[in-house]
Amino acid sequence: MSINKDKLLFVDRDGTLIVEPKGDFRVNTLEKLDLMPFVISSLYKITKELGYKLVMVTNQDGLGTADFPEDSFYKVQNKLLKLFANEGVDFLGVHIDKTYEHEKQPTRKPGTAMLTKYMNEQYDLKNSFMVGDSWVDMKLAENLGCKSIVFNNKQLDSLSCVGFRAEDWQQIYTFLKKTG
């Protein structure tokens, strides 16, 4: 008797779900919150039609410091999650690492320490994907043992760990639908 395992779609936040602002790269006010085109409708179809469970995973350098207070971040984060939920898109998990790269913490992408709860028999990591816009996201996919989709970043074309390249969310949906 075979058990159906859940397929996961790990998704980076800034630059993938939402537009990452030039300059400080921080979406810390509602005025800076701008969704990627077709992200909600595509994620809706990916979850409802294709059966993927969504997991948001993001590095937020220095979250909780004087330069990046948690209250401003969570005002935006909670609004973002509400926008998705209002359209039927829910996340199985949201994982936020607050450390800086130089701290080399195992919870920071591409480390997997934030995501160990998905590394078990309930989840089909081999047929799951990580969608992101940076080499860190592609390396996380490799470290998790899942496949990768690079979102809107031609600079990563030379990386061997990139599985599929997409310029928009509609392409991601179409690709996932074809892969079954």
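Here's a quick rundown of the structure. All values derive from a computational prediction rather than experimental measurement.

Cut-offs used in this document
Residues numbered from 1 in each chain as written. Predicted model: local features only at pLDDT ≥ 70, side-chain atom pairs only at ≥ 80, totals over all residues. Heavy atoms only, no water. Buried < 20%, exposed > 50% of the residue type's maximum accessible area, 1.4 Å probe, protein only. Helix = DSSP H or I, 4+ residues; strand = E, 2+ residues; numbered from the N terminus. Contact = heavy atoms within 4.5 Å. Pairing = 2+ DSSP bridges. Axes fitted to C-alpha atoms, helices over the stretch in contact; angles between N-to-C directions. Right-handed = clockwise from strand over helix to strand, strands pointing away.

### Brief notes about helix H3 (residues 135–144)
No. 1: Every buried residue of H3 is listed here: Val-136, Asp-137, Met-138, Leu-140, Ala-141 and Leu-144.
No. 2: Buried residues in H3 make contact with strand E1 (8–11), strand E2 (53–59), strand E4 (129–132) and strand E5 (147–151).
No. 3: Just downstream of H3, Gly-145 is the residue with a positive phi angle, here 85 degrees.

### Structural notes on the sheet that holds E1
No. 1: Strands sit in the order E3-E2-E1-E4-E5-E6 across an open sheet of 6 strands; the sheet is parallel. Each end of this open sheet is capped by a strand with a single partner; those strands are strand E3 (91–97) and strand E6 (164–166). Neighbour-to-neighbour, the strand axes of the sheet open up by a mean angle of 20 degrees, direction not taken into account.
No. 2: The pairing of E1 with E4 spans 3 bridges and is parallel. By the bridge assignment for E4, Leu-9 is matched with Phe-129.

### Regarding the pairing of E4
No. 1: Along E4, one buried face is formed by Phe-129 and Val-131 and the opposite face, lined by Met-130 and Gly-132, is buried too.
No. 2: The pairing of E4 with E5 spans 4 bridges and is parallel. Considered in E5, the bridge of Met-130 is made with Ser-148.
No. 3: In this view, the connection linking E4 to its parallel neighbour E5 by way of H3 has right-handed handedness.

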